[in-house]
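# Fold and geometry: a report
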Amino acid sequence: MRTRVQAALLLFVVIAVAAFAVPLLLFTASDRTQQLVLARSADLDRFAALMDQAAATGDTSAVAAEARRYTALYGEPLVVTDTRRRTVVQTGGMRAADPAVARLLDAALRNQTEHPSAALRPWSRGYRMFAEPAGTGTRVSGAVVLRASVGTAADEITRRWAAVLAGAALVAVACAVLARAATGWVVSPLRRLDRAVGQLAAGLPPEQTRAGGPPELRQLAIGFNRMARTVTAALEQQRRLVADTSHQMRNPMAALRLRVDALHTHLAPSGERTYTGVTTELDRLETLLDDLLALATAEHRAGELTVTDGSGGHCDAVAVAADRHRLWKPVAERAGARLTLTSTASPVPAACTDRELAQIADILLDNAIKYAGEGAEISLACATGSGSEPGPGFAVLTVTDDGPGLGTDELALATTRFWRSGRQRENRTAGTGLGLAIAEQLLAGRGGRLELTAARPRGLRARALVPRAAPGGAGGASGPGRPGGVGGTSDAGGTSGQSGTSDAGCAGGSGDAR
């Protein structure tokens, strides 16, 4: 913004200085030209008077002598003739027979005055021709032609123009300095406000904006600081509420499960169904608490990455995909599905940690295995791409199944928190509807996105697009062989994600709507 404002101000300064300097330059050239014309006209008038006197007395010696002295003194030749075009005097090598001189003599004998009208310039060189008739009124007694040099006048115009241009340059430099200072005075507070707004939009506590600049901007900065404190406090309270609720309810939930398990041995056979329903609800509540905590963590992490370059996260998407395929393949087989892997032979560097990418893959694979149904064909692919078209911009992790899929309206709602499809509710499939929301937050924090489309001829295709990292970047916090999560155990043999209790035991255990 500073550059654009300075460019606009400098353009205005240049136009203003040019609007002042150009007319002044033209005026100085015209003024000096007029001085030359007036000076030579006065000389011609004097010689015309001498010729008129010589015509009356018949003695031309005075005008001839004066013409020779003039040429010797100023170096400008003269030609003087009588009414019959007889040469009275000609000096400096100029002759009355010269075509240009003859034309001027003819005009002067017709009682016409010839003076140059074009203004001189610094680059003007050569001569200008002047002609005047001798005599009074309509009576012509001779003609005078003068060839004047313009070198001296052009040199003086050059000096005047140099002075004007130097003054204009000084004014332009002074205005540029003032424009830069004024721009900094106005734009610097706006840049601080913009940085603080970006931090606030990312959900992070913004730095206090120092009030500065014009009074209006100072009032805006004070108002923004007040608003930022209020919004930040509200967001922090919301985050703490979700995180604290998830943490604080773990102990009561664990105690409740222990009590329910202790009562199991004392239940009559008729209460077995009720016991199973209670434990199922306890499992669902525990999963929900884990997912809420995972979502709060993902949102906070996404906010941090929005205002930083995220340069600390690099991993090989191909290695992560191979690791998740190894962990989830037995889970898919137990569910009656078949999981295959397709990936490139060369590494695909992704600008995220392998823990984050593994958590995203877990969510997509858990959804596919859980909702595609028995006998489904599920494929996990890793390649490069740029969204809907092939290209090198992203590392793309794709999970495709041939299950029932989602309708067009359901695809638009699939990442909505707690949303579950009607089929899932009817089948009472386990899940909280938070898994895809968590994946979307993790991808958004890294500048990526989640694409959900219908597969052909049936099923669902989920694509996680992460910006590619520069080759040779540092790896993520965890090795590719470790699942992406923070707690729990899994039947797949890895560390489970904090938001799930599925067989693979990672973040994908939350499950989303299908």
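Read on for an overview of the structure.

Rules and cut-offs
Each chain has its residues counted from 1, running along the sequence as written. Reporting of local features is limited, given that this is a predicted model, to residues whose pLDDT is at least 70; pairs of side-chain atoms are given and counted only at 80 or more, and all residues count toward the totals for whole chains, interfaces and linings. For side-chain calculations, the full set of non-hydrogen atoms in the structure is used, while hydrogens and water are omitted. Here a strand is any run of E in DSSP of at least two residues, a helix any run of H or I of at least four, and the numbering for each starts at the N terminus. Summary of the burial criterion: residues with accessible area below 20% of their type's maximum are buried, those above 50% are exposed, and those between are partly exposed, where the area comes from a 1.4 Å probe applied to protein chains only. Side-chain atoms alone can form a polar contact between residues adjacent in sequence; in general such a contact is a pair of N or O atoms within 3.5 Å, and within protein one must be able to donate a hydrogen while the other accepts it. The contact definition used throughout considers only heavy atoms, calling two residues in contact when any of these lie within 4.5 Å. Pairs of strands are assigned from DSSP output, requiring at least two bridges between the strands. The axes used here are C-alpha line fits, helices contributing only the stretch in contact, and every angle between their N-to-C directions lies in the interval 0 to 180 degrees. Take the buried Ala, Val, Leu, Ile, Met, Phe, Trp, Tyr and Cys residues and link them wherever side-chain atoms come within 4.5 Å; each set so joined is a nonpolar core. Salt bridges are defined by distance alone: a side-chain nitrogen of Lys or Arg within 4 Å of a carboxyl oxygen of Asp or Glu.

### Looking at the side chain of threonine 279
Considering the arrangement of structural elements, one finds threonine 279 in helix 7 (residues 272-306). On the basis of relative accessibility, which here comes to 13%, the residue threonine 279 falls in the buried class. Among the polar contacts made by the side chain of threonine 279, one reaches the main-chain carbonyl oxygen of threonine 276 at a distance of 2.8 Å. Other than its neighbours up to four places away in sequence, threonine 279 contacts Arg257 and Val260.

### Brief notes about the pairing of strand 11 (residues 460-467)
Of all 8 residues in strand 11, 7 are buried; the element is thus mostly enclosed. In terms of strand pairing, strand 10 (residues 449-454) meets strand 11 through 6 bridges, oriented antiparallel. Within strand 11, the position partnered with glutamate 451 by the bridge is arginine 463. Taking the residues between adjacent antiparallel strands as the criterion, strand 10 and strand 11 are bridged by 5 residues, where glycine 459 takes a positive phi near 110 degrees.

### Section: the sheet that holds strand 4 (residues 139-149)
The sheet built from 4 strands is open, its strands ordered 2-1-4-3 with antiparallel pairing. At either end of the open sheet lies a strand with only one pairing partner, and these are strand 2 (87-90) and strand 3 (127-136). For this sheet the average axis-to-axis angle between neighbouring strands, irrespective of direction, equals 10 degrees. Pairing between strand 3 and strand 4: 10 bridges, direction antiparallel. Directly across from glycine 135, in strand 4, lies its bridge partner valine 140. Of the strands in this sheet, strand 1 (78-82), strand 3 and strand 4 are in contact with helix 3 (residues 99-109), which crosses strand 4 at around 145 degrees.

### Considering the nonpolar core
The nonpolar side chains of soluble globular proteins are, as a tendency, buried together. Formed by 50 residues in total, the largest nonpolar core has its most connected members in Leu357, Leu364 and Leu397. Listing elements by their share of this core, those giving two or more residues are helix 7, helix 8 (317-334), helix 9 (354-372), strand 8 (377-386), strand 9 (389-401), helix 12 (435-445), strand 10 and strand 11. Element by element, the count of residues in this core is highest for helix 9, at 10 residues. In contact with leucine 357, other than residues within four places in its own chain, are Cys315, Ala317, Val320, Cys352, Leu397 and Val466. The next biggest cluster of nonpolar side chains, apart from the first, holds 19 residues, and it includes Leu44, Phe47, Val89 and Leu146.

### Quick look at the environment of asparagine 367
One can find asparagine 367 in helix 9. Each C-alpha atom, one on asparagine 367 and one on leucine 436, is 8.9 Å from the other, the two residues being 69 residues apart in sequence.

### Regarding the pattern of salt bridges
Scanning the entire structure with this criterion turns up 18 salt bridges. Note that glutamate 156 and arginine 32 form a salt bridge whose closest N and O atoms lie 2.7 Å from each other. On the criterion of sequence distance, the pair formed by glutamate 156 in helix 4 (residues 151-201) and arginine 32 in helix 1 (residues 2-57) is long-range, its members being 124 residues apart. Between arginine 69 and glutamate 66 there is a salt bridge, with the nearest N and O atoms lying 2.5 Å from each other. Taken as a pair, arginine 69 and glutamate 66 lie in helix 2 (residues 61-74) at a separation of 3 residues, close to a single helical turn.

### Structural notes on the side chain of aspartate 52
Locating aspartate 52 in the fold gives a position in helix 1. A polar side-chain atom of aspartate 52 sits 3.1 Å from a polar atom in the side chain of arginine 139. Side chain to side chain, aspartate 52 and serine 141 meet in a polar contact 2.9 Å long. Beyond its immediate sequence surroundings of up to four residues, aspartate 52 is in contact with Ala134, Gly135, Thr136, Arg139 and Ser141.

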